[in-house]
Amino acid sequence: MNELKDTSLFREHGLINGEWRGAAAGRTIEVFNPATQEALGTVPDMDGNDTRTAIEAAENAFPSWRKKTHAERAALLEAWHDLMIDNLEDLALILTSEQGKPLAEARGEIRYGASFVKWFSEEARRIGGTTIPSPTADRRIVVLKEPVGVSAIITPWNFPNAMITRKVGPALAAGCTVVIKPSDLTPYSALALAVLAERAGIPKGVINIVTGMPAKIGDELLTNQTVRKISFTGSTRVGSLLMRGASDSIKRLSLELGGNAPFIVFDDADLDLAVEGAIASKFRNGGQTCVCANRILVQSGVYDAFAEKLSARVSTLKVGRGTDAGVDIGPMINRAAIEKINRHVEDALAKGARIISTPPALPDGDQYTAPIVLGDATTDMQLASEETFGPVAPLFRFGKEEEAIRIANATPFGLAAYFYTESLKRSWRVGEALEFGMIGLNTGAISTEVAPFGGVKQSGLGREGAQCGIEEYLEMKSFHIGGL
Ligand code: ADP
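Residues numbered from 1 in each chain as written. Predicted model: local features only at pLDDT ≥ 70, side-chain atom pairs only at ≥ 80, totals over all residues.

Per an unreviewed UniProt entry, the protein carries the name NAD-dependent succinate-semialdehyde dehydrogenase and comes from Rhizobium sullae.

Right under this line is the structure:
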C-alpha cells in the first residue's frame, strides 16, 4: 500500500481498547487483492479470547460514552465524517485494493459511507422521548430513550466501508459502544476507518475491531451476555444462524440479508430510462450487491426493443482492474463467486437461454467474468431463484401485469424491486402489490442515508438509515412517577 498519501491508514492489527494488537495466540491470515490474487498483507486471526477482551473494552467504555451529551457525540461523529472526506482518495484505494470495485465506485462508496455518519450525527440531537397522559391524576408517565448497550457489528465484503458506517454511525449516535467484525476478505477498510475515528477523538474502547475467521469470533459475540445487540449484513444462511445463536440471551437483532430483486419493464415504460436503470442496478459493483436486479422481467410488447438496447449498452462495458481508468466492472471477490456465476449461466444455457450481448475482452486473471445479457430466461433456471451476485442480466418475457407481479413475488426474499412504467395508475397498483422493503419506480438507485433500507420476508429484520435507523440502537424505558 505504498501508493497511499497517508500510509498510516493501512493497519495490519486489530483494535481493542485503543491498542492496535495482534491475536493473543499469534496467528494471522492473509488478505488478497482480487485483481491480481497477490497478498496485500496480513491481519490477526483473532479467537474467542480476543473477542472477549474486545467486548470487555466496549463494556468499560460504555458508561462514559452514553453519559456524553448528544451534542458532544454529534461533534465527534462530525469530525470523523470530515476526516473520511479529507482522506477519500486513500480510503477508496484501500477499498479497491481489497475488494476490487472500480475506483470511481469506491469513491462513491466512501461518500455514501460518510453520509451515514453525518446523518446520524444530526439525528443524535433529536433522540427525544414522549410524555403520555396518565390514567390517574397523581401520576406522570414519560418514555425515555436509552442506548441498547454493547453492539456487535458483523459486515460483508461487498461494501467494506459503508456497511460499517451505516451501523456504527447510528450505534455511536445513540450512545452504544461497538465490537466490529469485518469480513476476513476486506478488513483494511474497517481498520482505516478506525484510525480516523481515533484521530477524530472518539475515546478508546468505543470502537473495537476484531479481525480473522468468523466462527470463533461469531461464537463469542453470540454467547457473551454483555453483547446486547447484533447488527449483521450478509447472507440469509448466516443471518439465520446468528438469529438462532442470539436467541439464548435474547439479543436485539438487525439483519440485512440476501435478495432476489425483480426489475420489471412494462410496455408503457421509457425504455432509455429503463436501460440506464438496469445498468445501474444490475452492474454496480459487478453485480455483487444484495439490491442488484437479479431477474429482469420484460413485457412482450417491448421485449425485443429493450433486449436490443440493453445488449448494445452492456457490450460496451469494460472489464479490468479497479485501479485502471475507464473500467466499469472489476474482478469478482473470489473463485467461488466465479464458479457460482458459471454454474448459473451454464444451467440457463442448457435450459434454453441465449447470450444476446457481445461479451467484452477480459484481462488476464482468474477472477474476471464478462458482463452478459441472457435472453429467453425462464423461471425454472437456477438464476431465477438464487442470487447470481455477478454481472449476468437474464431477461424473462411476460404477458400481463398480474403475471409479472406473481413472478416477482414468487421468492422467499423481499429486499428491493424495481419497475418502469409511465402510467400513474399502474405505478400505484404495482408498487403496492410488490412484497419488498424497497421499491424503485423509474429508477435503479434506491440507496441513500435519508430513506429506510431493509427487507421483508427472508431478507431481514429492521431498517438502516433514515430517522428510524437510530431506533435499532435504542431501548424505550417507561418511567412512571407516582404519589404526586
Ligand atoms: P457473504 O460472504 O455473502 O458476504 P456471509 O454471510 O458469508 O456473506 O458473511 C457476512 C459476514 O458474516 C462476514 O463478515 C463473515 O465473516 C461473517 N460470518 C460468517 N459466518 C459467521 C458466523 N458463524 N458467525 C459470525 N459471523 C459470521
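**A word on the overall build of the protein**
Definition in use: Here a helix means four or more residues in a row that DSSP labels H or I, a strand means two or more in a row labelled E, and each is numbered from the N terminus. Both definitions apply: the radius of gyration is a C-alpha atom measure, and the globule rule equals 2.2 Å times residues to the power 0.38. Residue burial here comes from a neighbour count, namely the number of other C-beta atoms, placed from the backbone, that lie within 10 Å of the residue's own C-beta, with 20 or more meaning buried, 12 or fewer meaning exposed, and in between meaning partly exposed. By definition, residues are in contact whenever their C-beta atoms, placed on the basis of the backbone, come within 7 Å of each other.
Per the secondary structure count, the protein includes 14 helices and 22 strands. Taken over the C-alpha trace, the protein has a radius of gyration of 23 Å; the compact-globule value for 484 residues is 23 Å, and the two agree within 12%. Across the 484 residues that make up the protein, the buried fraction comes to 53%. Put simply, of all contacts in the protein between residues at least 6 apart along the chain, 74% involve residues at least 24 apart.

**A look at the site of the ligand**
Formally: Contact assignment follows one rule, namely that a residue is near a molecule or strand if its backbone-placed C-beta atom lies within 6 Å of it. Residues are sorted three ways: Asp, Glu, Lys and Arg are charged, Ala, Val, Leu, Ile, Met, Phe, Trp, Tyr, Cys and Pro are nonpolar, and all the rest, Gly among them, are polar.
Near the ligand there are 14 residues, and of these Pro 156, Pro 214, Gly 218, Gly 234 and Val 238 occur at the shortest range. Taken together, the elements giving at least two residues each to the shell around the ligand come down to helix H7 (214-223) and helix H8 (236-246). For the shell around the ligand, the residue count by class is 7 nonpolar, 5 polar and 2 charged.

**Regarding the pairing of strand S6 (residues 140-147)**
Note the threshold: Two strands qualify as a pair provided DSSP detects at least 2 bridges between them.
Bridge analysis of strand S5 (residues 130-132) against S6 gives 3 bridges, and the strand direction is antiparallel. Bridged to Ile 132 within S6 is Ile 141. Direction of pairing for S6 relative to strand S22 (residues 474-481): antiparallel, over a ladder of 8 bridges. Looking across to S22, one finds that Ile 141 is bridged to His 480.

**Side note on helix H4 (residues 103-124)**
Because the α-helix completes a turn every 3.6 residues, residues three or four places apart line up on one side. This is how the line gets drawn: Under the convention used throughout, the expected extent of a helix is 1.5 Å for every residue step, that is, one less than its residue count.
Taking 1.5 Å per residue, 22 residues should reach 32 Å; H4 reaches 32 Å between its end C-alpha atoms and fits that length. With 16 of its 22 residues buried, H4 lies for the most part within the structure.

**Notes on the sheet that holds S5**
Which entries qualify depends on this criterion: Only the stretch in contact is used when a helix axis is fitted, and all axes are lines through C-alpha atoms; the angle between N-to-C directions ranges over 0 to 180 degrees.
With antiparallel pairing, 3 strands are arranged side by side in an open sheet as S5-S6-S22. Each edge of the sheet is formed by a strand with only one pairing partner; in this case those strands are S5 and S22. The average undirected angle you get between the axes of adjacent strands in this sheet is 25 degrees.

**Focus on the UniProt feature "active site" (unreviewed entry) in the protein**
So the rule is basically this: UniProt positions are given in the numbering used here, feature names are shortened, and annotations may be inferred rather than shown by experiment.
In this numbering, the UniProt entry assigns the feature "active site" (unreviewed entry) to Glu 256. With respect to the secondary-structure elements, Glu 256 resides in strand S11 (residues 252-256). Using a count of 28 C-beta atoms within 10 Å as the deciding quantity, one classes Glu 256 as buried.

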